[in-house]
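Summary of the model geometry
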Amino acid sequence: MKTEDLVTRASGFHPWDAMTPMALSAILERGPFRSSAETGCGGSTIVLSHASDRHTAFAIDGKDRTIAELQMQKDLRAGKVSFVEGETKDTLPQYRFEGELDLVLLDGPHAYPLPQIELAYLFPWIRLGGWLVVDDIQIPSVYEMFDFLREESAVALEEVVVRTAFFRRTGVMEHGPDGWAMQGINRHTILRYAWRDRLRRLLGRA
């Protein structure tokens, strides 16, 4: 099967809510993968069923019956895909993968802070050198996470394909339990609210 044919058909699955063909192609270009995972499901699930030996999709069937419809798609390699049904805020904290992941796609619920919760639970499973893919960065709640990741030393932004960001894991994201000052996005406090503290420090006052 030609890659472009697969991408065209995959992007036609629920086209009103699909990743762009260019983004799906960019995923395929980074494969093949031993193991991958995504939040949400759709055309990307079809593509990842071809690119991965083992793929896990955390999703809900919803009013569109997305999981049920996907399972009827002839392009889906169903034997390589496991669906974990339920809201990701409930399923991810208790899920344990068999090993590291080569790629994680975040494309599940977009309401704040659900993308951030997904990042917190899935990022530790990505192998060094693996990919973190964030879709729909045009949505403010997702863009906030994209903005955070651009300043994070544990990942490197490779490219943005239309509205999908591709990051490469380069290190360990360890900033807890209260290591906020170590995070790149917090390198500088917001002057509008912090100018009094800065002034006191300049004047040598406690």
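Residues numbered from 1 in each chain as written. Predicted model: local features only at pLDDT ≥ 70, side-chain atom pairs only at ≥ 80, totals over all residues. Heavy atoms only, no water.

Describing the sheet that holds strand 3 (residues 81–85)
The 7 strands are arranged 3-2-1-4-5-7-6 in an open sheet whose pairing can be described as mixed. Whereas interior strands pair on both sides, the edge strands pair on one side only; in this sheet they are strand 3 and strand 6 (155–161). Here the average twist between neighbouring strands, direction ignored, is 15°. Along the sheet, helix 2 (residues 21–30) makes contact with strand 1 (33–39), strand 4 (101–106), strand 5 (126–135), strand 6 and strand 7 (164–169), crossing strand 6 at roughly 135°. (Pairing = 2+ DSSP bridges. Helix = DSSP H or I, 4+ residues; strand = E, 2+ residues; numbered from the N terminus. Axes fitted to C-alpha atoms, helices over the stretch in contact; angles between N-to-C directions. Contact = heavy atoms within 4.5 Å.)

Let's talk about the side chain of histidine 55
The residue histidine 55 is located in strand 2 (residues 52–59) in this model. Taking the relative accessible area as the measure of exposure, histidine 55 reaches 0% and is therefore buried. Here the side chain of histidine 55 touches serine 36 through a polar contact of 2.7 Å, side chain to side chain. In contact with histidine 55, other than residues within four places in its own chain, are Ser36, Ala37, Glu38, Thr45, Leu48, Lys80, Val81 and Ser82. (Buried < 20%, exposed > 50% of the residue type's maximum accessible area, 1.4 Å probe, protein only. Polar contact = N/O pair within 3.5 Å; in protein donor to acceptor, adjacent residues only side chain to side chain.)

Overview of helix 6 (residues 114–122)
Buried residues of helix 6: Leu114, Pro115, Gln116, Glu118, Leu119 and Leu122, and no others. Elements that come into contact with the buried residues of helix 6 comprise strand 1, helix 5 (88–91), strand 4, strand 5 and helix 7 (140–150).

Notes on the nonpolar core
In this structure, Ile27, Phe33, Ile46 and Leu103 are the most contacted members of the largest nonpolar core, which totals 28 residues. Breaking this core down by element, the ones donating at least two residues are helix 1 (3–11), helix 2, helix 3 (43–51), strand 2, helix 4 (66–70), strand 4 and strand 5. Among the elements that line this core, the one with the most residues is helix 2, at 5 residues. Sequence-distant contacts of phenylalanine 33, defined by excluding residues within four places in its chain, comprise Ile27, Leu48, Ala51, Ser52, Asp53, Asp102, Leu103 and Trp131. (Core = buried A, V, L, I, M, F, W, Y, C linked by side-chain atoms within 4.5 Å.)

Re the pairing of strand 4
With 6 of its 6 residues buried, strand 4 lies for the most part within the structure. Bridging between strand 1 and strand 4 involves 4 bridges; their strand directions are parallel. The residue of strand 4 that forms the bridge with alanine 37 is valine 104. Here strand 4 pairs with strand 5 via 5 bridges, running parallel. Following the sheet pairing, leucine 106 is matched in strand 5 by valine 134. Read from strand 4 through helix 6 to strand 5, the crossover connection turns out right-handed. (Right-handed = clockwise from strand over helix to strand, strands pointing away.)

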